[in-house]
Amino acid sequence: MLIAVVGPSGAGKDTLMAGARLALAQDARFRFVRRAITRPAAAGGEDHEALSDADFALRRDAGGFALYWQAHGLHYGIPRDIEADMAARRVVIANLSRAVLPEANARYRLRVLNISAPIEILAARLAARGRETATDIAARLAREVALPDGLDIERVMNDADVTEGVARVLTALNRAASDAQGL
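Residues numbered from 1 in each chain as written. Predicted model: local features only at pLDDT ≥ 70, side-chain atom pairs only at ≥ 80, totals over all residues. Heavy atoms only, no water.

## Describing the overall build of the protein chain
Here comes step 1: For the protein chain, the helix and strand inventory stands at seven helices and nine strands.
Here comes step 2: Overall, the protein chain is about 45 × 40 × 35 Å in size when its C-alpha atoms are taken along their principal axes.
Here comes step 3: Relative to its full complement of 183 residues, the protein chain shows a buried share of 40%.
Here comes step 4: Restricting to contacts in the protein chain with at least 6 residues of sequence separation, those with at least 24 account for 68%. (Helix = DSSP H or I, 4+ residues; strand = E, 2+ residues; numbered from the N terminus. Buried < 20%, exposed > 50% of the residue type's maximum accessible area, 1.4 Å probe, protein only. Contact = heavy atoms within 4.5 Å.)

Structure below.
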């Protein structure tokens, strides 16, 4: 099973997934995917495999990605080897773009983990990051992107402290592992 982690900016996806990754580090039922991104490693953000545009294109053209997409001027890829993990009934967890969900759903047993928070919490978290103006934040929050129809979606509301948020994600991931084993 492939778990696609999605949600709006400020929802706390990276924080909750880091906590879940740590909690499940010794649990062989799970694999947390490290994405390939055409962004320098020193640029900050998530731990990723930094690739040049040319190297990304070479790997993509050679079939090295199970899924790939472009967003915000960058290319993102999920390694092809996730398919072996899924064949072994492991739960593969990856941060995906909403734009690639229909393809992922057509090709794999997909469950979407939609992490969100109330709008006032999203606004406060975005403001605390200090990367955007108040106008930019308001515009970002006004853009509500709907998930495609027909997906298996599990929602996690991140409106409590980090410990509670991670516990909610762990509950969802353990449920997915049980479902994956029951194939």
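## Considerations on the packing of helix α5 (residues 119-129) against helix α6 (residues 134-142)
Here comes step 1: The geometry of α5 relative to α6 is characterised by a closest axis approach of 10 Å and an angle of 140° between their N-to-C directions. At the point where α5 passes α6, the crossing takes the right-handed sense. The segment α5 lies against α6, with I119, L122, A123, L126 and A127 engaging I137, R140 and L141. (Axes fitted to C-alpha atoms, helices over the stretch in contact; angles between N-to-C directions. Left-handed = near helix turned anticlockwise from the far one by under 90°.)

## Some points on the pattern of salt bridges
Oppositely charged side chains are able to pair whenever their charged atoms sit close together.
Here comes step 1: This model, assessed by the stated rule, comprises 14 salt bridges.
Here comes step 2: The residue D81 makes a salt bridge to R31 at a minimum N-O spacing of 2.9 Å. With D81 in the loop between β6 (74-79) and α3 (82-87) and R31 in strand β2 (residues 30-32), the pair connects residues that are 50 residues apart, well separated along the chain.
Here comes step 3: Here D61 makes a salt bridge to R60, at a shortest N to O gap of 3.1 Å. (Salt bridge = Lys/Arg side-chain N within 4 Å of Asp/Glu carboxyl O.)

## A closer look at the packing of aromatic side chains
Here comes step 1: Counting across every chain of the model gives two aromatic pairs.
Here comes step 2: With a centroid separation of 4.6 Å and 25° between ring planes, the pair formed by F56 and F65 is classed as stacked.
Here comes step 3: For F56, a relative accessible area of 1% gives the class buried.
Here comes step 4: Relative accessible area serves as the criterion here: at 2%, F65 is assigned to the buried category.
Here comes step 5: Note on W69 and Y76: the rings are 5.6 Å apart at their centroids and 5° apart in plane angle, and the pair reads as stacked. (Phe/Tyr/Trp six-rings, centres within 6.5 Å; stacked < 30°, edge-to-face > 60°.)

## As for the environment of D159
Here comes step 1: Here D159 lies in the loop between β9 (153-157) and α7 (162-181).
Here comes step 2: Once the C-alpha coordinates of D159 and W69 are considered, the two residues, 90 residues apart in sequence, prove to be 30 Å apart.
Here comes step 3: Look past the residues within four positions of D159 in its chain and what remains in contact with it is P118, I121 and R168.
Here comes step 4: A distance of 2.7 Å separates the side chain of D159 from the side chain of R168, its partner in a polar contact. (Polar contact = N/O pair within 3.5 Å; in protein donor to acceptor, adjacent residues only side chain to side chain.)

## What to know about the side chain of R35
Here comes step 1: The residue R35 is located in the loop between β2 and β3 (36-37) in this model.
Here comes step 2: Taking relative accessible area as the criterion, R35 reaches 7% and is therefore assigned buried.
Here comes step 3: Engagement of the side chain of R35 in a polar contact is seen with the backbone oxygen of N95, the distance being 2.9 Å.

## So, the packing of helix α1 (residues 13-23) against α7
Here comes step 1: For the pair α1 and α7, the least separation of the axes is 9 Å and the interaxial angle reads 65°. The two elements α1 and α7 meet at a crossing, and its hand is right-handed. Of the residues in α7, those touching α1 at T15, L16, M17, G19, A20 and A23 are V162, G165, V166, V169, L170 and L173.
Here comes step 2: In terms of residue class, the contact of α1 with α7 is built from nine nonpolar, three polar and no charged. (Nonpolar A, V, L, I, M, F, W, Y, C, P; charged D, E, K, R; others polar.)

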